[in-house]
Amino acid sequence: MPRTLYLVAYDVCGDARRLARVGRYFQSYRVAGQKSVPEIWVTPAELRTISADMAKMLDSSTDRLQLIALDPRLQAQCLGQAASFTTPYFCIT
C-alpha cells in the first residue's frame, strides 16, 4: 500500500497526562515536525487505526485533532535552522 504524508495538529486541553499520551502515540509515526504538529507517513489502514485510537483518547468537547494530507510533489520550505527530511527510506520499529 502506498504511504501518504500527513500533517497532524492536535490540541489537548486541561489534561497533561492525556497530552503526553497523545504525544507518545504519534512519536512512533513521526518523521518530522514540531511537538504537537508532527509529519507522518501512513497507509490508509494506518490512518483508519489512528483515527479510531484518537477517537478513544481525545475528549471531543475540548480537544482538537486535524489530519491534513500533504502533496508530496510540493517542495518543502524551511525557515531558520530547519532541515528537510531527505532520507529516501525509513523504518518504523
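Quick summary incoming for the structure in this document. (Residues numbered from 1 in each chain as written. Predicted model: local features only at pLDDT ≥ 70, side-chain atom pairs only at ≥ 80, totals over all residues. Heavy atoms only, no water.)

With respect to the packing of aromatic side chains
- For the coordinates displayed, the defined rule picks out three aromatic pairs.
- Measuring from ring centre to ring centre gives 5.7 Å for Y10 and F26, while their planes differ by 15 degrees; the resulting arrangement is stacked. Placement of the pair is Y10 in strand β1 (residues 4–11) and F26 in helix α1 (residues 16–27), with a sequence separation of 16 residues. Each member of the pair, Y10 as well as F26, carries the same accessibility label: buried.
- Seen in terms of ring centroids, Y25 and F26 are 5.4 Å apart; in terms of plane orientation they differ by 90 degrees. Their pairing is edge-to-face. (Phe/Tyr/Trp six-rings, centres within 6.5 Å; stacked < 30°, edge-to-face > 60°. Helix = DSSP H or I, 4+ residues; strand = E, 2+ residues; numbered from the N terminus. Buried < 20%, exposed > 50% of the residue type's maximum accessible area, 1.4 Å probe, protein only.)

Looking at the packing of α1 against helix α2 (residues 44–57)
- Contact geometry of α1 with α2 gives a least axis separation of 11 Å together with a crossing angle of 170 degrees. In this view, α1 runs roughly antiparallel relative to α2, as classed from their interaxial angle. When α1 is examined against α2, the residues R18, R21, V22, Y25 and F26 are found in contact with a partner set consisting of T49, I50, D53, M54 and M57.
- Considering only residue class, the contact of α1 with α2 consists of six nonpolar, one polar and three charged. (Axes fitted to C-alpha atoms, helices over the stretch in contact; angles between N-to-C directions. Parallel < 35°, antiparallel > 145°, perpendicular 65-115°, else oblique. Contact = heavy atoms within 4.5 Å. Nonpolar A, V, L, I, M, F, W, Y, C, P; charged D, E, K, R; others polar.)

Things to note about the nonpolar core
- V22, Y25, F26, I40, V42, I50 and M54 are the most contacted members of the largest nonpolar core, which has 15 residues in total.
- Taken together, the elements giving at least two residues each to this core come down to β1, α1, β3 (37–42) and α2.
- If you tally residues by element for this core, the top one is α2, at four residues. (Core = buried A, V, L, I, M, F, W, Y, C linked by side-chain atoms within 4.5 Å.)

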